[in-house]
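Residues per chain are reported as follows:
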Amino acid sequence: MGATRGSLARPRRLPLLSVLLLPLLGGTQAAIVFIKQPSSQDALQGRRALLRCEVEAPGLVHVYWLLDGAPVQDTERRFTQGSSLSFAAVDRLQDSGTFQCVARDDVTGEEARSANASFNIKWIEAGPVVLKHPASEAEIQPQTQVTLRCHIDGHPRPTYQWFRDGTPLSDGQSNNTVSSKERNLTLRPAGPEHSGLYSCCAHNAFGQACSSQNFTLSIADESFARVVLAPQDVIVARNEEAMFHCQFSAQPSPSLQWLFEDETPITNRSRPPHLRRATVFANGSLLLTQVRPRNAGVYRCIGQGQRGPPVILEATLHLAEIEDMPLFEPRVFTAGSEERVTCLPPKGLPEPSVWWEHAGVRLPTHGRVYQKGHELVLASIAESDAGVYTCHAANLAGQRRQDVNITVASEHLCSEGQGEVEGNAGLGVMDKGFPGAHLRPSFWALQAWKSVHYWESE
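With an unreviewed UniProt entry as reference, the chain is termed Protein tyrosine kinase 7 (inactive), source organism Papio anubis.

See below:
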């Protein structure tokens, strides 16, 4: 039935949905919404990756990225692609951290941030095999512990395989202990049988890598003869004595024997005729007295341990010698010039030393008249420099010497008949060398524009 005329109508109630829509109908804008948000993911070192981000908003928004709260700048390796962040090559150092996608309405100032996202980057990197214990190779001794470390690293933690001379080693094999956590190979104790080239390889979800540098372990067998002191070549003068030193070590003590060139053994009880003056000492040294030419040659010192091959060392005995020096021709120099005379050292063993003397005094290495190497140098030669100069050469075999006569010539007026210039008597070149030197015509020299008759001493 309808309402009684004159009665008041009840107020109409609006549906609940209409109440909720009233703010929208009044013109209020919707918020920024992420349609796709970035998510954490696995990535491989150096490979491509993409963090997706898509935004829906009533107006224009500016989208950018943060890494650990700092804005991400575009580079060739990492850059924005639309609203997403693209990686041409993931880098485990530069891309570790938390990424966020940020959308901002620059008109209203409204901003929205996505959920955090990060990479689980898988990688592996090669490295060398190094000695961890003891501290240095010099400290490695038989029956001591040796620990090697494989410097291959990665994520997730790699599984390691050790090799000796290319053969795989297993944990517990031949006193080997392998620790994948520490990346170590321990030898307890290390012996000669452990000697060899050690390498390692490792693999994980990223891939495989092998050691970039390997380690050579060398542990000598104590029963093998080892060199302590090796003989050296010797040069001695005739009738002098020569000494060779030679020593080996081993457990038990090794034997030692000397041989001459012709494989003749040298002992204190039996000596060959040409080595009757040889003595072998208890420490292995060999002494030869009153050396003769027939004693020169190769001597061999042989050490033999309880095990292993013999160790043969050689040294040569040379007899010192020196040859004669070549003769000097007399020299005539012009006053005021710079002149040099070279002394060729004679052949000899050892190589002879050379020096110059004048009037019994050794020449200095600098000055106006001096020695430079094997040369006699006369700078701005004067008449007083004339005389006899001696070149000496000496070594263990003795000494050799040769004299050179140096004459210094200059212009002087001569008595008639002693010299002439273009037929004019009384002008010539006079010798200022040794008193009483006899002059003879030698050659014609051009002085200024005139032809001058020149003499040198005989």
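There is more to say, and it comes next.
Participant: So what about the overall build of the chain? Which residues, and what values?
Facilitator: Helix and strand counts for the chain come out as one helix and 46 strands. Across the 458 residues that make up the chain, the buried fraction comes to 36%. Considering only intrachain contacts with a sequence separation of at least 6, the fraction spanning at least 24 residues in the chain is 57%. Of the roughly 27,100 Å² of accessible surface on the chain, 50% is carried by carbon and sulfur atoms.

Participant: Explain the packing of aromatic side chains residue by residue, including any values.
Facilitator: Between two aromatic rings, the relevant description is the distance of the centres plus the angle of the planes. Applying the stated rule across the entire model yields seven aromatic pairs. Here Phe87 and Phe99 contribute two aromatic rings whose centre-to-centre distance is 5.6 Å and whose plane-to-plane angle is 85 degrees, an arrangement assigned as edge-to-face. Of this pair, Phe87 sits in strand 8 (residues 84-87) while Phe99 sits in strand 9 (residues 99-104), and the two are twelve residues apart along the sequence. A relative accessible area of 0% means that Phe99 is categorised as buried. For the ring pair Phe244 and Trp258, a centre distance of 6.0 Å and an interplane angle of 40 degrees mean the geometry is tilted. You can see Phe244 sitting in strand 24 (residues 242-244) and its partner Trp258 sitting in strand 26 (residues 255-259), a full 14 residues away along the chain.

Participant: Now, about the layout of surface pockets: what can you tell me, with residues and values included?
Facilitator: A volume near 150 Å³ is recorded for the largest pocket. Surrounding the largest pocket, Glu137, Ala138, Ile140, Gln141, Pro142, Phe215, Thr216, Leu217, Ser218, Ile219, Ala220 and Arg226 form its lining. Considering every element that reaches the lining of the largest pocket, the biggest residue donor is strand 21 (residues 215-217), with three residues. Considering only residue class, the lining of the largest pocket consists of seven nonpolar, three polar and two charged.

Participant: Tell me about the sheet that holds strand 27 (residues 265-266), and please be specific about residues and values.
Facilitator: Either a parallel or an antiparallel arrangement is found when strands of a sheet pair, and the pairing is made through backbone hydrogen bonds. Pairing is mixed across the open sheet formed by five strands, whose spatial order is 23-31-30-26-27. Only two strands of the sheet have a single neighbouring strand rather than two, namely strand 23 (234-236) and strand 27. Across two bridges, the pairing between strand 26 and strand 27 is antiparallel. If you follow Leu259 over to strand 27, its bridge partner there is Pro265.

Participant: Could you give me a rundown of the nonpolar core, with the residues and numbers involved?
Facilitator: In terms of nonpolar packing, the biggest core is built from 23 residues, with Phe244, Trp258, Ile266, Leu286, Leu288, Tyr299 and Leu317 touching the most fellow members. For this core, the secondary-structure elements that each account for two or more residues are strand 23, strand 24, strand 28 (278-280), strand 29 (286-288), strand 30 (297-304) and strand 31 (311-319). The element that contributes the greatest number of residues to this core is strand 31, accounting for five residues. If we skip the residues at most four places from it in the chain, Phe244 touches Pro231, Gln232, Val234, Trp258, Ser285, Leu286, Leu288, Tyr299, Ala315, Thr316 and Leu317. Within the second largest apolar cluster, 21 residues are counted, among which are Ile124, Tyr160, Ala190 and Tyr198.

Participant: An account of the confidence of the model for the chain is needed here, citing residue identities and associated values.
Facilitator: With 83% of its residues at a pLDDT of 70 or more, the chain has an overall mean of 84. When pLDDT is averaged over each helix and strand of the chain, the minimum, 36, is found for strand 46 (residues 450-457) and the maximum, 98, for strand 8. The low-confidence segment residues 1-28 (pLDDT under 50) makes one contact with residues lying over four places distant or belonging to another chain.

Participant: Explain the side chain of Arg77 to me, using residue names and the numbers behind them.
Facilitator: By the element assignment, Arg77 lies in the loop between strand 6 (70-71) and strand 7 (78-81). A polar atom in the side chain of Arg77 sits 2.7 Å from the side chain of Asp95. Among residues more than four places away in sequence, those in contact with Arg77 are Ser86, Phe87, Ala88, Ala89, Val90, Asp91, Gln94 and Asp95.

Participant: Got a sec to walk through the pairing of strand 38 (residues 369-372)? Specific residues and values, please.
Facilitator: Here strand 38 pairs with strand 39 (residues 375-378) via four bridges, running antiparallel. Along strand 39, the bridge assignment pairs Val369 with Leu378.

Participant: How would you summarise the pattern of salt bridges if you had to cite specific residues and measurements?
Facilitator: Here the structure, examined in full by the defined rule, presents 17 salt bridges. A salt bridge links Glu263 to Arg300; its shortest N-O distance comes to 3.7 Å. Of this pair, Glu263 sits in the loop between strand 26 and strand 27 while Arg300 sits in strand 30, and the two are 37 residues apart along the sequence. In this structure, Asp403 and Arg401 form a salt bridge, with 3.4 Å as the shortest nitrogen-oxygen distance.

Participant: Quick one: what's the story with the environment of Gly154, residue by residue and with numbers?
Facilitator: The topology assignment puts Gly154 in strand 14 (residues 153-155). For Gly154, a relative accessible area of 11% puts it in the buried group. Placed 32 residues apart in sequence, Gly154 and Lys122 show a C-alpha to C-alpha distance of 7.3 Å. When neighbours within four sequence positions are excluded, Gly154 is seen to be in contact with Trp123, Ile124 and Asn204.

Participant: Please give an account of the sheet that holds strand 10 (residues 111-113) that cites residues and values.
Facilitator: One open sheet accounts for four strands, arranged 6-5-9-10; its pairing is antiparallel. Looking along the sheet, the strands with just one partner apiece sit at the ends: strand 6 and strand 10. Examined bridge by bridge, strand 5 (residues 62-67) and strand 6 share two bridges and lie antiparallel to one another. Bridge pairing links Leu67 to Ala70 in strand 6.

Participant: Just give me the short version of the environment of Glu375, but keep the residues and values in it.
Facilitator: Here Glu375 lies in strand 39. Residues in contact with Glu375, not counting those within four places in the same chain, are Arg340, Val341, Thr342, Trp356 and Tyr370. In this structure the side chain of Glu375 is engaged in a polar contact, spanning 2.9 Å, whose partner is the side chain of Arg340.

Rules behind the numbers
Residues numbered from 1 in each chain as written. Predicted model: local features only at pLDDT ≥ 70, side-chain atom pairs only at ≥ 80, totals over all residues. Heavy atoms only, no water. Helix = DSSP H or I, 4+ residues; strand = E, 2+ residues; numbered from the N terminus. Buried < 20%, exposed > 50% of the residue type's maximum accessible area, 1.4 Å probe, protein only. Contact = heavy atoms within 4.5 Å. Areas by Shrake-Rupley, 256 points an atom, 1.4 Å probe, with all protein chains shown as cover. Phe/Tyr/Trp six-rings, centres within 6.5 Å; stacked < 30°, edge-to-face > 60°. 1 Å grid on protein atoms, 1.4 Å probe; cavity = no way out; pocket = protein on both sides within 12 Å on 5 of 7 lines; lining within 4 Å. Points joined across faces, edges and corners; volume = space filled by probe spheres on them. Nonpolar A, V, L, I, M, F, W, Y, C, P; charged D, E, K, R; others polar. Pairing = 2+ DSSP bridges. Core = buried A, V, L, I, M, F, W, Y, C linked by side-chain atoms within 4.5 Å. pLDDT = per-residue confidence, 0-100. Polar contact = N/O pair within 3.5 Å; in protein donor to acceptor, adjacent residues only side chain to side chain. Salt bridge = Lys/Arg side-chain N within 4 Å of Asp/Glu carboxyl O.

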